[in-house]
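An overview of the molecular structure
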Amino acid sequence: MTHPDAQMNTTRAGVGAAVAAAHRSEWAFVLAATVRVTRDFDLAEECAQDAYAQALATWPEQGIPARPGAWLTTVARRRALDLLRRAGTARRALPLLITDALTGSEPPGQQEIPDDRLRLIFTCCHPGLAVEAQAALALRLLCGLTTAETARAFLVSEPTMAARITRAKKKIAAARIRYQVPPLAELPQRTSAVLTVVHLIFTIGHTAPSGDQLTRTDLVQRALDLARMLHALLPDDPDIAGLLALILLTDARRAARTGDGGGLVLLADQDRSVWDRAAITEGLDLVRQSLRRGRPSRWILEAAIAAVHAESPAWEQTDWAELAGLYDLLVQHWPSPVVALNRAVAIGLANGPQAGLETLDRLSDDPRLATYAYLPAARADFLRRLGRTDDARTAYTEALMLTGNTVERRFLASRLDELGPGPAGFPRP
């Protein structure tokens with residue numbers, strides 16, 4: 001017979017899992033709808049967090065609602081209205097972000113916008129904000145990422161990211177930036193920052209910075225939804241089409257990225273028969289359209305790189321010389337240290353591990369890569385291929401110490417084990 005306390009614990013465990021799932025899948029909806037009431041991001045975040053706390057307290061007795069997102073949104077908005085009424089600030093807060101929540105007004109031609117998340121993302125990516133703050137703020141608000149997760153995405157320290165987000169919120173309030181999708185005529189000038197945000201959302205979802213799962217499917221789906229919305233708004237924009245293609249072609253490999261036991265499966269070892277062929281077909285078509293419409297850009301080049309992998313029938317048949325050439329172009333359009341790292345890997349696979357290692361070593365002094373686990377991981381792989389076992393062991397150990405995702409940590413630990421025991425006293429993380 002099950003003890004009543006055990007039944008309650010089981011119920012609370014189920015509620016905890018349901019609330020966690022709702023945070024992953026519904027946070028952006030809840031926050032975006034609440035901002036329409038508060039016109040203030042900090043207050044909206046507080047009310048949304050209160051709603052999730054109330055769910056933890058209420059759902060064990062009342063049961064998990066059929067539509068958790070709607071329940072959470074209602075509670076958060078009611079909490080916001082109550083706080084505003086009590087503080088007597090509802091009317092004074094109106095100019096901060098929006099008036100359409102009360103008056104129903106909307107910029108001409110914008111009534112077709114189906115999702116408050118687009119209003120939220122365009123507000124975060126307003127040109128009045130510093131470029132580095134735009135994407136950081138959107139990741140924090142749109143995805144509910146912690147400050148630490150957002151900092152990792154930008155390769156900066158957590159205090160630096162916290163200060164950046166705070167400054168961006170204050171600028172929105174002080175500049176009275178409106179909470180709306182800009183008029184259609186202004187969209188082309190505003191999309192660059194938005195595309196960066198959507199790409200970062202996808203990147204963090206594709207390989208989660210921490211946790212027990214390799215992929216955060218909620219973030220991947222959120223990025224895909226936003227990319228599709230943008231493509232519907234501006235179907236002739238080649239960069240939007242390129243980003244959508246990149247997401248489709250990369251996520252098409254999801255089912256093959258982990259094995260039966262949840263272990264990491266490298267691209268070289270993946271079963272390509274389980275790749276999502278419908279997504280690949282759609283993505284390849286978008287790449288072709290993008291290349292026909294304009295000059296190659298960051299997004300189109302990244303999509304073209306993903307297309308080379310998607311069209312390769314096997315790892316051994318991958319055209320690494322073509323990929324290295326595409327990375328040469330990409331690093332000109334987007335001089336990111338991460339792009340430089342990927343270029344070095346492509347060079348090593350095209351011209352041999354020594355060439356790759358020498359190219360990687362030229363990046364070792366870049367402070368932006370000082371805590372980026374994929375740099376020592378890539379070095380370790382080339383060192384292993386060159387038979388430099390002790391050096392490879394050191395590099396794998398460094399990568400393991402910098403990696404937060406459990407699936408990736410298990411893979412790196414297995415690589416260390418394959419190298420055998422190191423010299424006496426060799427440290428293990």
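A closer look at the packing of aromatic side chains
The full count for this structure, using the stated rule, is four aromatic pairs. For the pair Trp59 and Trp71, a centre-to-centre distance of 5.3 Å together with 70° between the ring planes defines the contact as edge-to-face. Here Trp59 is found in helix α2 (residues 41-62), whereas its partner Trp71 is found in helix α3 (residues 68-87), with twelve residues between them in sequence. Residues Trp59 and Trp71 agree in their burial class; the two are buried. Centre to centre, the rings of Tyr372 and Tyr374 are 5.3 Å apart; their planes meet at 75°, and the pair counts as edge-to-face. Residue Tyr374 is classed as partly exposed on the basis of its relative accessible area, which comes to 32%. Over the ring of Trp334 we find Arg298; its NZ or CZ atom is 3.4 Å from the centre of that ring.

Considering the nonpolar core
In this structure, Leu72, Leu118, Ile121, Val198 and Ile201 are the most contacted members of the largest nonpolar core, which totals 103 residues. With sequence-adjacent residues up to four places away left out, Ile201 is seen in contact with Leu139, Leu142, Cys143, Leu219, Ala223 and Leu226. Counting 23 residues, the second largest nonpolar core, distinct from the first, contains Tyr372, Leu375, Ala392 and Leu412.

A closer look at the packing of helix α18 (residues 374-385) against helix α19 (residues 389-402)
Helix packing geometry: the angle between the two helix axes and the distance between the axes. Two elements in contact, α18 and α19, have axes separated by 8 Å at closest approach and are oriented at 160°. The orientation of α18 with respect to α19, classified from their angle, is roughly antiparallel. The interaxial crossing formed by α18 with α19 has left-handed handedness. In this structure, α18 contributes Pro376, Ala377, Arg379, Ala380, Asp381, Leu383 and Arg384 to the contact, and α19 contributes Asp391, Ala392, Ala395, Tyr396, Glu398, Ala399 and Leu402.

What about helix α10 (residues 187-206)?
In this model, α10 (20 residues) spans 27 Å end to end at C-alpha, consistent with the 28 Å of a helix rising 1.5 Å per residue. At Ala193, α10 is deflected by roughly 35°, the largest bend along its length. Across the 20 residues that make up α10, a large majority, 15, are buried.

Overview of the side chain of Arg253
Counting through the fold element by element, Arg253 comes out in the loop between α12 (238-251) and α13 (277-293). Lacking a salt bridge, the buried Arg253 has Asp251 as its closest oppositely charged neighbour, with an N-O distance of 9.0 Å. Ignoring sequence-local partners within four residues, the contact set of Arg253 consists of Leu267, Gln270, Trp275 and His309.

Quick look at the side chain of Thr250
Mapped onto the elements of the fold, Thr250 is located in helix α12. Setting aside residues up to four positions removed in sequence, Thr250 forms contacts with Phe202, His206 and Ala306.

Description of the confidence of the model for the protein chain
When pLDDT is low, close inspection of the predicted coordinates is not appropriate. Residues at a pLDDT of 70 or more form 89% of the protein chain, whose mean pLDDT is 85. Contacts for the low-pLDDT stretch residues 1-10, under 50 throughout, to residues beyond four places or in other chains number one contact. Confidence over residues 93-113 falls short of pLDDT 50; this stretch has 50 contacts with residues more than four positions distant or in other chains.

Considerations on the pattern of salt bridges
Under the criterion given, the structure shown has 18 salt bridges. The closest approach of N and O atoms between Arg216 and Asp218, which form a salt bridge, is 3.1 Å. Per residue, the accessibility class of Arg216 equals that of Asp218, and both read buried. Between Arg254 and Asp251 there is a salt bridge; the shortest N-O distance is 2.7 Å. With relative accessibility at 16%, the residue Asp251 sits in the buried group. Here the residues in one salt-bridge network are Asp42, Glu45, Arg140 and Lys169, joined through shared partners.

Describing the state of the cysteines
For the structure on display, the rule yields zero disulfides. Just so you know, Cys124 is unpaired, no disulfide at all, and the nearest cysteine sulfur is the one on Cys125, 6.3 Å from it. With a relative accessible area of 2%, Cys125 lands in the buried category.

What counts, and at which threshold
- Residues numbered from 1 in each chain as written.
- Predicted model: local features only at pLDDT ≥ 70, side-chain atom pairs only at ≥ 80, totals over all residues.
- Heavy atoms only, no water.
- Phe/Tyr/Trp six-rings, centres within 6.5 Å; stacked < 30°, edge-to-face > 60°.
- Helix = DSSP H or I, 4+ residues; strand = E, 2+ residues; numbered from the N terminus.
- Buried < 20%, exposed > 50% of the residue type's maximum accessible area, 1.4 Å probe, protein only.
- Lys NZ or Arg CZ within 6 Å of the ring centre and 35° of its normal.
- Core = buried A, V, L, I, M, F, W, Y, C linked by side-chain atoms within 4.5 Å.
- Contact = heavy atoms within 4.5 Å.
- Axes fitted to C-alpha atoms, helices over the stretch in contact; angles between N-to-C directions.
- Parallel < 35°, antiparallel > 145°, perpendicular 65-115°, else oblique.
- Left-handed = near helix turned anticlockwise from the far one by under 90°.
- Expected span 1.5 Å × (residues − 1).
- Bend = angle between axes of the 7 residues up to and from the residue.
- Lys, Arg positive; Asp, Glu negative; His and termini not counted.
- Salt bridge = Lys/Arg side-chain N within 4 Å of Asp/Glu carboxyl O.
- pLDDT = per-residue confidence, 0-100.
- Disulfide = S-S within 2.5 Å.

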